[in-house]
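Structural overview
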Amino acid sequence: MMLLRPKPNRLVQSMLQKRSAPSSTHQHQNENRLKTFFDHHATTTVRSFTSINCNTQFNLCFVRHGQSTWNRDNRFIGWTDTPLTEDGVLEARVAGRMLRSSGLLFDEAHTSLLRRSIRTVNLVLMEMGQEYIPVHKHWRLNERSYGDLVGLNKKEVVKQYGKDQVKRWRRSYDEPPPPMREDHEYHPLRDPRYRLMKEDIPASESLKCTRARTKVYWDDVIAPSLRNGKTVLVVGHENNLRSLIMRLEGIDPEDIINLNLPRAVPLAYRLDENLKPLKRDDGQLDEATGMLRGTWLGGDEAVQEILDRDEKQVYDTRIVENLEKNEDRDKWRMWTEMAIGSPEDESFPAHSRCIEGSKHEHRDDKNVGAM
């Protein structure tokens, strides 16, 4: 299993086998066929969702960043500024392609001060043809601080402290990991981006702590934009997004331990005038987590597969191999690169997927002259 690909059928398998064929013409034909297959799959499996929605003007989408170097290596990250891997770039671009196919258009985007999230939002908007919208960055949208666990291998920590303890550190509401020492190799105090807010840098955070700081940003920035009718994209990290979703969905503190989020899979919400989630088209909670009224644009089944893999990567100490580096990952990378092509595809005009006759007005008139 790898990210958001259909299970390989005979067509895909035959194309991958013929990838090494000596004929360049044959190879070019195979690549075109696979790209056509990917595009068809995207348009037929991604649920219809659009900011030009007659039922509500309040639209919100969350996207977790793509794979970073420490995601790949299975290490606790926190505020450490790890970059995207090549796979992470592909994940972010696929997320952008899904959003492009959905028809969703954004008025503004919000993200953290960490480059894995910043680059993800840039790649997503590039694939959508929406690089022109404002992107707001703030430390309150940073990942939670993992304290003294930062830099450690997650599975090794499970072996040392046990699955239950590590799960409480990672996913419970109010149990923070051990605090980070000031002489810690990766302490954010030495990072110049925080030089004017050193007193606000946490030594460690629970989800409760993270929720307190994201609440300020939601109340002061995101909620007013939504109430003004803007369609908002939030690209962030698993725990800062969990804190926002916990509040949005009204998830109880004792239940939030069961909510996990995949990388680079858009989660789209339609909200009412009180900024409460409207029901999904099927009237059900999502099948991947069983807790959400948002729509996974990659499909519930694909998200469930990713979450199952992530669970094994961290907690199953019987598995020795790194599931972020195995053969399945290599196959996913090869066919995804073939399918989505180069980052700059000039054959795709911005907003060509808009519904004919529909209007999407960007409500940031005061900034138009400055753009």
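Applying the stated criterion across every chain yields a total of six aromatic pairs. Taking 6.2 Å as the distance between ring centres and 50° as the angle between the ring planes, the aromatic pair formed by tryptophan 79 and tryptophan 139 counts as tilted. Within this pair, whereas tryptophan 79 is found in the loop between α3 (69–72) and α4 (86–102), its partner tryptophan 139 is found in the loop between β3 (135–137) and α6 (154–161), the two being separated by 60 residues in sequence. By relative accessible area, tryptophan 79 is classed as buried at 5%. Considering the side-chain rings of tryptophan 79 and tyrosine 194, the 5.0 Å spacing of their centres and the 45° angle between planes classify their relative orientation as tilted. Here tyrosine 194 lies in the loop between α7 (163–171) and α8 (207–227) and tryptophan 79 lies in the loop between α3 and α4, a separation of 115 residues in the sequence.

Right, let's talk about the pattern of salt bridges for a bit. Scanning all chains against the criterion turns up 27 salt bridges. Of the charged contacts, one joins lysine 163 and glutamate 311 as a salt bridge, the two residues approaching to 3.8 Å between their closest N and O atoms. Separated by 148 residues along the polypeptide, lysine 163 in helix α7 and glutamate 311 in helix α10 (residues 300–315) bring together distant segments of the chain. Judged by its relative accessible area of 40%, lysine 163 is partly exposed. Judged by its relative accessible area of 29%, glutamate 311 is partly exposed. Glutamate 249 is the partner of arginine 293 in a salt bridge, and the nearest nitrogen-oxygen pair spans 2.9 Å. In this pair, arginine 293 sits in the loop between β5 (267–271) and β6 (295–296) while glutamate 249 sits in helix α9 (residues 238–249), placing the two residues 44 residues apart along the sequence. Given a relative accessible area of 26%, arginine 293 falls into the partly exposed group. On the basis of relative accessibility, which here comes to 10%, the residue glutamate 249 falls in the buried class. Beyond isolated ion pairs, a larger network of salt bridges with shared partners links Glu91, Arg263, Arg309, Asp310 and Glu324.

Rules and cut-offs
Residues numbered from 1 in each chain as written. Predicted model: local features only at pLDDT ≥ 70, side-chain atom pairs only at ≥ 80, totals over all residues. Heavy atoms only, no water. Phe/Tyr/Trp six-rings, centres within 6.5 Å; stacked < 30°, edge-to-face > 60°. Helix = DSSP H or I, 4+ residues; strand = E, 2+ residues; numbered from the N terminus. Buried < 20%, exposed > 50% of the residue type's maximum accessible area, 1.4 Å probe, protein only. Salt bridge = Lys/Arg side-chain N within 4 Å of Asp/Glu carboxyl O.

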